[in-house]
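# Structure assessment
The primary structure of each chain is shown beneath.
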Amino acid sequence: MGDLDVNHWADQIADEVIERVEKDSVLKKQVAKTGYFIYDEKTPSGVIHIGSGRGWVIHDAIAKALKDKGKKARFVLSSDDMDPLDKPSKELSKEDNEKYIGIPFRYIPSPVKGYKNFGEYYFRQCTDLFPRFGIEAELESTGEEYEKGTFNKAIKTALDNADKVQKVYAELYGEDVAAANKLPFNVKCPKCGKIATTLAIEWDRKKEEIYFECSDKVVEWAKGCGHKGWISPYNGNGKFPWKVEWAAKWPSKGVIAETAGKDHFTKGGSRTIACRISVDVFNYPPPYPSNGYYTGQGYEFFTVGGKKMSTSKGRGIGFAESVNFAPAKMLRFLLIRTRPNAVIDFDPYGTNDIILLYERYDTAERVYFGKQDLGEKENIKQKRIYELSHIGKIPTQMPPQISLVHAATLVQIFDSKDDIIENLKQTGHIKKGTTKESIDYVKDRLDFAEKWVKEFADEQYRFELQKKAPDVKLDAKQVKAIRTLAKKLREKEWDEKSLYDEFYNIARDEAGIEPKELFTAAYLVLLNRERGPKLAPFLLAAKEKAIKLFEAI
Ligand SMILES: [Zn+2]
């Protein structure tokens, strides 16, 4: 199985899942029928938090790791659109909120044109971005699955064994809790369409019908219509309460792995209930990371935008919004390289988080293409991270690597992307014969660098290359150094290393000053300030403009 230290977490999970399936006859039979079914679900009640995106990438990586081991695996994400609107939505008018409260999201009109319903609108805000995140998921609607009858068998089992379901609640939450005293099913009222206002009173297991009432007494926040009567619970006429539903989905879909945020895994929380019901009522082994009654551990929090965003918006930003802070592929890389049980707080504002992320990505890429050696173990790790992070087919040649900081420098020197590409060719960053695909890759990076400079970068990375030599005070020795530097730049083609060495020769041997004074003088002339980006690459990028400024003093 290989060394645990070296194996990527997704491969470790895949190994664990395979081993469990091999040992468990129920799961083995299930996998023979439906393959390794990796599942996740989300209620589309509004903007979906970036934290859920972590789960989608985790499930996607587990499915890919299983496929890489030759297993038939798929990742399915379901929209829990049978859940009702249970608090007013900002996107709906006051009248609509009153009209639709208590009704499943799939039967509420979309607040924006072009979507089938309210649920689809919020779900697709996220899933439309999946290609950019490299998330390969089959999408489902839980409501549609109810309609298709996928859960009919589980509905009958749960209602026939209602006492067992109630016992689970009673043991965990006490005998007085509502769920310990009612049938585990919510009918969708055929008259008013609400699902939150009905109470299932009796189950006739022969007729397979439920007697229910739609009333004001069920929840405080939604009013029922008073309708009552017998109804079949099947084919979309209602749904399980959520914790029971979680358990019911596992045998109904044949779920082998489904994790969730750690808030679901608290002691006695929803996962605890679901695991018990899965075992006690459905005789189905709960999916990884759970094992029988043992829930296992959910994944840790993921916030983007840091404290600044979390405090201004309460719970932080939405998944769809996250691409405003870093390219989706970089966020995927961040999630793939971090173990699910480690907290991630990615803060782009005035921190080095983005620079580091790009540097780490580039390092993994160099290791993957054999251009950097970090030692055997680390090489294996980095290669796998790169493979699982990469979106689409990995190119046969390493794309040109322009560090984010250098890209940011270039976008501040040149007026157009084409000029930058031309310059990168001159400086040897882009070699002859580089594919169009690779050049586009560089352009993408330049695009983000531009955004980064404008919105996130610390002051030290921002500058303005002067149009004419500023009125700065330099002493005679500094002036001599600057003039010599201009001359040297004209004389020949330099590379970064030889130019850097030349700074020291010019300062000490020709001008008789400390190199530091030369640097200060150069930045003053070029940028009208005492510090700036690394001088050698900067001068090579801005050569013509720099020479003119130097000669003008
Ligand atoms: Zn009703």
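Here the structure is a predicted model, which means the values were calculated and not measured. (Residues numbered from 1 in each chain as written. Predicted model: local features only at pLDDT ≥ 70, side-chain atom pairs only at ≥ 80, totals over all residues. Heavy atoms only, no water.)

## Focus: the coordination of the zinc ion
Only Cys-189 (SG), Cys-192 (SG), Cys-214 (SG) and Cys-225 (SG) from the protein coordinate the zinc ion, and they sit 2.3 Å from it. Seen from the zinc ion, its four donor atoms lie at angles of 104 to 115 degrees, and the figure they make is tetrahedral. Taken in chain order, the donor set of the zinc ion reads C-x2-C-x21-C-x10-C. Of this pair, Cys-192 sits in the loop between strand E4 (186-187) and strand E5 (198-204) while Cys-214 sits in strand E6 (residues 209-214), and the two are 22 residues apart along the sequence. (Donors = N, O, S within 2.8 Å, 3.2 Å for Na, K, Ca; no water. Tetrahedral: all angles 85-135°; square planar, octahedral: opposite > 155°, others 65-115°. Helix = DSSP H or I, 4+ residues; strand = E, 2+ residues; numbered from the N terminus.)

## Quick look at the pairing of strand E1 (residues 36-42)
Of all seven residues in E1, six are buried; the element is thus mostly enclosed. Where E1 lies against strand E2 (residues 73-79), seven bridges are found, and the strand directions are parallel. Considered in E2, the bridge of Asp-40 is made with Leu-77. Crossover handedness for the path E1 to helix H3 (residues 50-68) to E2: right-handed. Inspection of the sheet shows E1 paired to strand E9 (residues 255-257) by two bridges, in the parallel sense. (Buried < 20%, exposed > 50% of the residue type's maximum accessible area, 1.4 Å probe, protein only. Pairing = 2+ DSSP bridges. Right-handed = clockwise from strand over helix to strand, strands pointing away.)

## Here's the deal with the packing of helix H19 (residues 476-491) against helix H23 (residues 543-551)
One way to put it is that H19 packs onto H23 with a least axis distance of 9 Å and a crossing angle of 145 degrees. Seen along the crossing, H19 lies across H23 with a hand that is left-handed. Contacts between H19 and H23 involve Ile-482, Arg-483, Leu-485, Ala-486, Leu-489 and Arg-490 on the former and, on the latter, Lys-543, Ile-547, Phe-550 and Glu-551. Looking at the contact of H19 with H23 residue by residue, the classes come out as six nonpolar, no polar and four charged. (Axes fitted to C-alpha atoms, helices over the stretch in contact; angles between N-to-C directions. Left-handed = near helix turned anticlockwise from the far one by under 90°. Contact = heavy atoms within 4.5 Å. Nonpolar A, V, L, I, M, F, W, Y, C, P; charged D, E, K, R; others polar.)

## Points about the nonpolar core
Residues Phe-240, Ile-277, Phe-346, Trp-452, Leu-526, Leu-539 and Phe-550 are the most contacted members of the largest nonpolar core, which totals 162 residues. If sequence neighbours within four positions are ignored, Phe-240 has contacts with Tyr-146, Phe-151, Ala-154, Ile-155, Ala-158, Pro-184, Phe-185, Asn-186, Glu-245 and Ala-248. Counting 13 residues, the second-largest nonpolar core is a separate cluster that includes Tyr-100, Ile-108, Phe-118 and Tyr-121. (Core = buried A, V, L, I, M, F, W, Y, C linked by side-chain atoms within 4.5 Å.)

## Quick word on the sheet that holds E9
Taken in spatial order, the four strands of this open sheet run E3-E2-E1-E9, and their pairing is parallel. The open sheet has two edge strands with one neighbour each: strand E3 (138-141) and E9. Neighbour-to-neighbour, the strand axes of the sheet open up by a mean angle of 50 degrees, direction not taken into account.

## Let's talk about the pattern of salt bridges
Overall, the coordinates contain 41 salt bridges when judged by the stated rule. The salt bridge involving Arg-205 is made with Asp-160; its shortest N-O contact spans 3.9 Å. With Arg-205 in the loop between E5 and E6 and Asp-160 in helix H8 (residues 152-160), this pair connects stretches of sequence that are 45 residues apart. According to the relative accessible area criterion, Asp-160 is buried, its value standing at 17%. Asp-501 serves as the salt-bridge partner of Lys-497, at 2.8 Å between the closest nitrogen and oxygen. Of this pair, Lys-497 and Asp-501 are both found in helix H20 (residues 496-511), four residues apart, which corresponds to roughly one turn of the helix. (Salt bridge = Lys/Arg side-chain N within 4 Å of Asp/Glu carboxyl O.)

## Section: the domain arrangement of the protein
Many descriptions give the size of an interface as the accessible area lost when the pieces come together. If you check the domain split of the protein, you get domain 1 (9-150 + 253-259), domain 2 (175-239), domain 3 (404-461) and domain 4 (476-551). Using only C-alpha atoms to locate each centre, domain 3 and domain 4 end up separated by 22 Å. Opposite the 10 residues of domain 3 that make contact, domain 4 presents nine residues. When domain 3 packs against domain 4, the two sides together hide about 680 Å² of surface, and 57% of this comes from carbon and sulfur. Where domain 3 packs against domain 4, one counts zero salt bridges. Linking domain 3 to domain 4 there are three residue pairs in polar contact (both at pLDDT 80 or more). For the side of domain 3 that touches domain 4, the element with the most residues is helix H16 (residues 404-413), which contributes four residues. Of the residues belonging to the side of domain 3 that touches domain 4, the class tally is three nonpolar, six polar and one charged. (Domains from an automatic or database assignment. Buried area = accessible area lost by both parts, 1.4 Å probe. Polar contact = N/O pair within 3.5 Å; in protein donor to acceptor, adjacent residues only side chain to side chain.)

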